[in-house]
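Report on the structure
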Amino acid sequence: LLPPMPATVLESWRAQLHEGSVDLAECLGEKVDLHRLSRSLAAGFEQVLGMDLVSGALGPEEAARAAVLATERYGEPRRGVGREDEPAAAVASPLSGTG
């Protein structure tokens, strides 16, 4: 993490980043469907890694640890971290693919 910086430095960095970056919606010219994006990313990883990604949920210990890490980083648990009502994450499984 960065050491404490004067607000003027941080604001300058924000302005430079904003001027020199675009988001995916700007590139596509439309709102991004996060479920479609996640499926597309998974398909790309499958292709590059040569293995299938298998949908699965975090186990209880993983979900608890994820909540702790999110709280430490963001000050509160993030939406979807370890929640059963969120779509299951894809996990790499070398046993299910060719890699």
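Every chain begins its residue count from 1, and numbering advances along the sequence as written. In keeping with the model being predicted, local features are shown solely for residues with a pLDDT of at least 70 and side-chain atom pairs are shown and tallied solely at 80 or more, while totals for entire chains, interfaces and linings include all residues. Water and hydrogen atoms were dropped before computing side-chain values, which therefore reflect all heavy atoms in the structure.

1. Observations concerning the overall build of the chain
Filter applied, for reference: Where helices and strands are cited, they refer to DSSP runs of H or I of at least four residues and of E of at least two residues respectively, numbered from the N terminus. Residue exposure (1.4 Å probe, protein chains only): buried if accessible area is under 20% of the type maximum, exposed if over 50%, otherwise partly exposed. Throughout, a contact is declared for two residues whenever any of their heavy atoms are within 4.5 Å. Residue burial considers only the protein chains on display, and all accessible areas are found by Shrake-Rupley using a 1.4 Å probe.
Counting secondary structure elements, the chain contains 4 helices and 2 strands. Moving toward the C terminus, one meets the helices and strands of the chain in the order α-α-α-β-α-β. For the chain, the residues scored as buried account for 7% of the 99 residues in total. For the chain, restricting intrachain contacts to residue pairs at least 6 apart in sequence, the fraction spanning at least 24 positions comes to 60%. With an accessible surface of roughly 8,500 Å², the chain has 58% of that area assigned to carbon and sulfur atoms.

2. Quick notes on helix α4 (residues 60-74)
Here is the rule: A helix is expected to reach a length of 1.5 Å times the quantity of its residues less one.
Relative to the 21 Å expected for 15 residues at 1.5 Å per residue, α4 spans 21 Å between its end C-alpha atoms, a close match to the ideal helical length. Looking one or two residues beyond α4, the residue adopting positive phi is G75, at roughly 90°.

3. Here we look at the confidence of the model for the chain
Selection rule: The predictor's confidence in any single residue is recorded as pLDDT, a number from 0 to 100.
The pLDDT averaged across the chain works out to 78; a share of 75% of its residues lies at or above 70. The spread of mean pLDDT over the elements of the chain runs between strand β2 (residues 89-92), the lowest at 48, and helix α3 (residues 34-49), the highest at 93. For the stretch residues 81-99, pLDDT sits under 50, and the model shows 38 contacts to residues farther than four places along the chain or on other chains.

4. A closer look at the pattern of salt bridges
Going by this rule: Salt bridge, as applied in this entry: a Lys or Arg side-chain nitrogen positioned within 4 Å of an Asp or Glu carboxyl oxygen.
Evaluation of the coordinates by the stated rule reveals 2 salt bridges. For the salt bridge of E11 with R14, the shortest nitrogen-to-oxygen distance reads 3.3 Å. Of this pair, E11 and R14 both sit in helix α1 (residues 7-19), 3 residues apart, which is roughly one turn of that helix. Of the charged contacts, one joins R36 and E30 as a salt bridge, the two residues approaching to 3.7 Å between their closest N and O atoms.

5. Remarks on the environment of V54
Relative to the helices and strands, V54 is located in strand β1 (residues 53-56). Among the residues examined, V54 registers a relative accessible area of 35% and is labelled partly exposed. A C-alpha to C-alpha distance of 9.6 Å links V54 and A42, two positions 12 residues apart in sequence.

6. Comments concerning a nonpolar patch on the surface
To be explicit about the condition: Here, patches come from residues exposed beyond 30% relative accessible area and free of salt bridges, joined within 9 Å for like charges and within 5 Å for nonpolar side chains (Val, Leu, Ile, Met, Phe, Trp, Tyr).
Where nonpolar side chains cluster on the molecular surface, the patch consists of L41, F45, V48 and L49 and spans about 420 Å² of accessible area. You can see L49 is positioned in helix α3. Overall, the relative accessible area of 44% leaves L49 in the partly exposed class.

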